[in-house]
Amino acid sequence: MKPTLILLVVLFAIQLAVPGYMIFEQNQILAEGTAYKFKTRPIDPYDPFRGRYVTLSYAADQEVVPVMEGAEIESEDWVYALVGVDDEGYAVLEVLTDVKPEDDQDYLYLETFYRRYDGGYLVSLPFDRYFASEENAPKIESAVWRRQRDEVEDVYAKVRVYKGKGTIEELMINDMPIKEYIEIQQEQL
Amino acid sequence: MEPKQCTKNQKSWLESESGDWVKQGIIRAEQQAQILNRYSTSHVDSFYSSWSSLMLISLGAILIGGGIILLVAHNWESFGKGTRTVLSILPLILAQALAWYSVRYKPQLTGLREAAGTLLFFATAASIALISQTYHIYGDLERFLVTWLVLGIPILYLIGSAGVLILVCALILWLCGLEREPYWLYYLLLAPYLYGLYKQQRYVLFQWALWFVIIGSTFSIIYSVSWKSPIDDWMIYILLALSVLYYSLGKWLFGFKSHGFWGNPFSSAGALGIASISLMLTWEGFYRYSHLDSESKFVFNDYLILLVFAISVLATIGFIILKFKRLGINQWALITSMLLAILGVIGIPIKLPELVYITLTNLYVLIASVVIMSQGINQHRLMLLNAGLLWFSFLVLFRFFDSDIPFVLKGIVFIFIGSAFLGVNIWYNRKLKRDVSAQQEEAA
């Protein structure tokens with residue numbers, strides 16, 4: 001076989017390996033990661049490449065995260081954020097550090113946003129997209145907004161966290177997957 | 001011997017001329033055939049046929065592929081994760097199969113190869129995007145584009161699809177607009193492809209590809225420097241230096257013979273850059289702020305661009321030393337603009353007043369444009385004459401509407417330059433007449 005053809009096969013293999021690895025990585029996080037509930041509020045934009053998605057703005061995004069003593073961190077640095085749970089059972093980012101934590105401690109690898117006067121940082125959680133169909137994305141948004149005006153708000157993303165990486169497993173309203181919730185709403189109308 | 005490539009017009013001209021020579025008995029018919037065999041139009045033909053079919057096949061393939069994706073996307077949510085994953089990889093596998101078929105079994109079909117390459121280029125991106133969607137992977141556009149680019153560039157080499165070159169240029173430009181990182185270095189990966197085209201004498205494609213790469217890389221460099229960069233105010237001088245480098249490089253690589261505007265992309269793009277930037281520098285306001293912004297932080301990209309500046313200056317000096325004897329006065333006229341670039345950068349530290357710098361740039365454009373016009377007349381090259389005239393006219397137009405110069409001064413300068421033109425014209429005509437009569441006397 002000509003060298004060009006061999007190289008072509010290698011290229012094809014790499015091209016397949018990239019999405020292949022992405023699938024593997026996601027499945028690993030979903031299978032082995034710890035589940036956390038990140039309190040959220042979705043808004044619906046439109047992505048020309050990947051279709052409709054819902055941008056999730058997390059409660060944890062709005063909190064200033066303190067820096068661990070001795071850690072040297074600046075704006076737009078990639079750091080480790082230790083993940084914990086608050087009294088109501090929602091996930092919180094406890095502290096930021098520049099040293100990779102031990103494996104028994106759950107953490108997320110993320111970028112700091114900007115520094116606050118008290119020395120802590122605002123960060124943005126990377127898993128902020130929930131893809132839905134062009135039909136459902138606006139419904140998710142309106143369902144959630146209506147809920148938050150009328151009733152007790154309990155919208156959260158079920159996120160699996162594994163070795164610094166997090167991925168959304170499901171978007172939940174009142175402990176019910178969002179698709180089921182929308183279906184029930186449709187039936188009630 | 002490999003036949004030389006020429007255009008269809010050149011070939012048919014040669015055919016009719018050599019036919020006349022045969023009739024006049026200068027050469028024999030078999031000699032004519034031998035001469036004609038030394039020239040071929042095959043690459044040129046294949047270029048045009050491949051481009052027209054590329055357009056049609058690629059557009060068709062992309063539309064059909066896009067349509068299928070949209071149809072599938074309509075029912076997307078009802079599929080399980082497994083089905084979705086398979087469907088996401090499917091476009092990539094189909095495009096790979098087409099590419100394999102075209103390279104392995106139909107290498108002579110340029111159109112098919114172009115289409116397969118373009119399709120594969122888009123299919124890699126489609127697969128990654130669809131997988132991201134299935135697993136709600138967060139949208140890091142920069143990482144997505146880099147992955148696409150790295151997977152896409154080998155398509156250019158292995159499948160030899162010229163359409164991919166344009167797409168790759170666009171992708172790099174996009175990346176440079178996103179981040180202050182030296183993504184423009186990716187253009188270096190295209191250099192072997194361009195060299196290959198040149199070696200294979202596929203000149204038409206080579207020229208167009210080179211134009212794309214030159215324009216793309218220049219704009220990418222501009223975009224990669226954001227307003228926050230400390231060298232932001234130096235960029236105009238660095239671009240001027242880069243233009244001079246392009247101009248010199250064109251003359252260096254392709255020789256001093258005129259190739260027409262499109263034929264020597266380096267020199268033409270360089271000359272355009274020199275003319276437009278020098279005109280900008282004749283205005284007030286650029287030089288005044290041309291110092292390093294000491295409050296901003298230097299990043300890797302800024303150092304690299306300073307390196308580009310240094311290389312431009314050094315390479316131009318090298319060019320002047322090596323080709324000193326061959327440089328004509330019109331080449332000197334363009335290359336000396338490098339001094340304006342250097343002065344612009346070092347001007348503030350050595351306390352050169354703004355008035356002096358602006359006077360120098362105005363004088364430079366005035367002299368250089370007049371030199372080029374006169375060279376155009378002397379060498380009977382209409383394009384050179386028109387280019388010089390255009391350059392000169394812009395300078396006059398700019399200064400006429402320049403509100404920073406008092407009317408009286410403007411008036412006096414205009415009258416002075418106008419009289420100089422008339423004077424030179426009268427002197428030149430007299431000289432011409434004297435020369436002609438001297439020749440006639442000699443002949444008598």
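Residues numbered from 1 in each chain as written. Chains lettered and ligands numbered in written order. Predicted model: local features only at pLDDT ≥ 70, side-chain atom pairs only at ≥ 80, totals over all residues. Heavy atoms only, no water.

A. Highlighting the overall build of chain B. Looking only at helices and strands, chain B has 17 helices and two strands in total. For 444 residues, the compact-globule formula gives about 22 Å, and the C-alpha radius of gyration of chain B, at 28 Å, lies well above that figure. With the C-alpha coordinates aligned to their principal axes, the bounding extent of chain B is approximately 95 × 80 × 35 Å. For chain B, with 444 residues in total, the buried portion stands at 43%. Sequence-distant contacts, at least 24 apart, represent 74% of the contacts inside chain B between residues at least 6 apart. (Helix = DSSP H or I, 4+ residues; strand = E, 2+ residues; numbered from the N terminus. Rg over C-alpha atoms; globule rule 2.2 N^0.38 Å. Buried < 20%, exposed > 50% of the residue type's maximum accessible area, 1.4 Å probe, protein only. Contact = heavy atoms within 4.5 Å.)

B. Highlighting the interface of chain B and chain A. Between chain B and chain A, the residue contacts involve 33 residues of the former and 34 residues of the latter. Buried area between chain B and chain A, both sides added, is near 3,300 Å², and the carbon and sulfur share of it is 72%. Where chain B meets chain A, there are zero salt bridges. Along the contact surface separating chain B from chain A lie four residue pairs in polar contact (both at pLDDT 80 or more). (Buried area = accessible area lost by both parts, 1.4 Å probe. Salt bridge = Lys/Arg side-chain N within 4 Å of Asp/Glu carboxyl O. Polar contact = N/O pair within 3.5 Å; in protein donor to acceptor, adjacent residues only side chain to side chain.)

C. Spatial organisation of helix α11 (residues 265-281) of chain B. With 17 residues, α11(B) should cover 24 Å at 1.5 Å per step; its first-to-last C-alpha distance of 24 Å lies within 8% of that length. Burial of α11(B) is extensive: 13 of the 17 residues sit out of reach of the surface. (Expected span 1.5 Å × (residues − 1).)

D. Main features of the side chain of B:Ser220. Within the secondary structure, B:Ser220 is located in helix α9 (residues 203-224). Filtering out sequence-adjacent residues up to four positions away, B:Ser220 remains in contact with B:Ile172, B:Leu173, B:Cys176, B:Trp184 and B:Tyr187.

E. Local environment of unusual backbone geometry. Residue A:Lys163 is not a glycine yet carries a positive backbone phi of 45°. Phi at B:Lys351 is positive, roughly 60°, even though this residue is not glycine. Mapped onto the secondary structure, B:Lys351 falls in the loop between α14 (337-346) and α15 (354-378).

F. Focus on the side chain of B:Ser268. Within the secondary structure, B:Ser268 sits in helix α11. Taking the relative accessible area as the measure of exposure, B:Ser268 reaches 10% and is therefore buried.

G. Main features of the environment of B:Trp283. Residues and elements named next belong to chain B. In this structure, Trp 283 sits in the loop between α11 and α12 (300-322). You can call Trp 283 partly exposed: its relative accessible area is 28%. Residues Trp 283 and Thr 41, 242 residues apart in the sequence, show an inter-C-alpha distance of 48 Å. In contact with Trp 283, not counting residues within four places along its chain, are Ile 358, Phe 398, Arg 399 and Asp 402.

H. Structural detail: the pattern of salt bridges. One pass over the full model with this rule turns up four salt bridges over all chains. Among the salt bridges present, the one from A:Glu169 reaches A:Lys158, with a minimum N-O distance of 3.8 Å. A residue pair is termed long-range when its members are at least 10 positions apart, and A:Glu169 in strand β10 (residues 165-173) and A:Lys158 in strand β9 (residues 155-162) qualify at eleven residues. We classify A:Lys158 as partly exposed; its relative accessible area is 28%. Residue B:Arg28 is joined to B:Glu30 by a salt bridge in which the shortest nitrogen-to-oxygen separation is 3.3 Å.

I. Representation of the packing of aromatic side chains within the structure. Residue and element names in this part refer to chain B. Evaluation of the coordinates by the stated rule reveals 34 aromatic pairs over all chains. Ring geometry for Phe 122 and Trp 148: centres 6.2 Å apart, planes at 55°, overall tilted. With Phe 122 in helix α5 (residues 110-134) and Trp 148 in helix α6 (residues 141-158), this pair connects stretches of sequence that are 26 residues apart. With relative accessibility at 31%, the residue Phe 122 sits in the partly exposed group. Ring plane angle 50° and centroid distance 5.4 Å describe the contact between Trp 283 and Phe 398, whose orientation is recorded as tilted. Separated by 115 residues along the polypeptide, Trp 283 in the loop between α11 and α12 and Phe 398 in helix α16 (residues 382-400) bring together distant segments of the chain. (Phe/Tyr/Trp six-rings, centres within 6.5 Å; stacked < 30°, edge-to-face > 60°.)

J. Local environment of the state of the cysteines. Residue and element names in this part refer to chain B. All chains considered together, the criterion is met by zero disulfides over all chains. In this structure Cys 169 is a free cysteine whose sulfur lies 11 Å from that of Cys 176, the closest cysteine sulfur available. A relative accessible area of 4% means that Cys 169 is categorised as buried. (Disulfide = S-S within 2.5 Å.)

K. Focus on the pairing of strand β5 (residues 91-97) of chain A. All names here are of chain A. Of all seven residues that make up β5, five are buried, and the element is covered over most of its length. Where strand β4 (residues 78-85) and β5 come together, six bridges link them in antiparallel fashion. When the bridges of β5 are listed, Ala 81 appears paired with Leu 96. The hairpin formed by β4 and β5 contains five residues between the paired strands, and Gly 89 there has a positive phi angle of roughly 95°. (Pairing = 2+ DSSP bridges.)

L. Focus on the packing of α5(B) against helix α7 (residues 162-178) of chain B. Residue and element names in this part refer to chain B. Between α5 and α7, the shortest axis-to-axis distance is 7 Å and the interhelical angle comes to 30°. Between α5 and α7, the crossing angle belongs to the class labelled roughly parallel. Here Glu 114, Gly 117, Thr 118, Phe 121 and Phe 122 of α5 lie close against α7, whose contacting residues are Ala 162, Gly 163, Val 164, Leu 167, Val 168 and Leu 171. When its residues are assigned to classes, the contact of α5 with α7 shows seven nonpolar, three polar and one charged. (Axes fitted to C-alpha atoms, helices over the stretch in contact; angles between N-to-C directions. Parallel < 35°, antiparallel > 145°, perpendicular 65-115°, else oblique. Nonpolar A, V, L, I, M, F, W, Y, C, P; charged D, E, K, R; others polar.)

M. The arrangement of the domain arrangement of chain A in detail. All names here are of chain A. When its domains are assigned, chain A resolves into domain 1 (1-32) and domain 2 (33-188). Between domain 1 and domain 2, the residue contacts involve eight residues of the former and nine residues of the latter. Between domain 1 and domain 2, roughly 710 Å² of surface is buried when both sides are summed, and carbon and sulfur atoms account for 55% of that area. The tally of links from domain 1 across to domain 2 stands at one salt bridge. Across the pair Glu 25 and Lys 165 runs a salt bridge whose closest N-O atoms are separated by 3.1 Å. Scanning the region where domain 1 abuts domain 2 turns up four residue pairs in polar contact (both at pLDDT 80 or more). The residue makeup of the side of domain 1 that touches domain 2, split by class, is four nonpolar, two polar and two charged. (Domains from an automatic or database assignment.)

N. Expanded view of the packing of α16(B) against helix α17 (residues 407-443) of chain B. All names here are of chain B. Where α16 meets α17, the axes come as close as 11 Å, and the angle between the chain directions of the two elements is 155°. It follows that α16 is roughly antiparallel to α17 by the angle criterion. Where α16 crosses over α17, the handedness of that crossing is left-handed. Residue-level inspection shows Phe 392, Val 396, Arg 399 and Phe 400 of α16 in contact with α17, the latter providing Lys 410, Phe 414 and Phe 421. (Left-handed = near helix turned anticlockwise from the far one by under 90°.)

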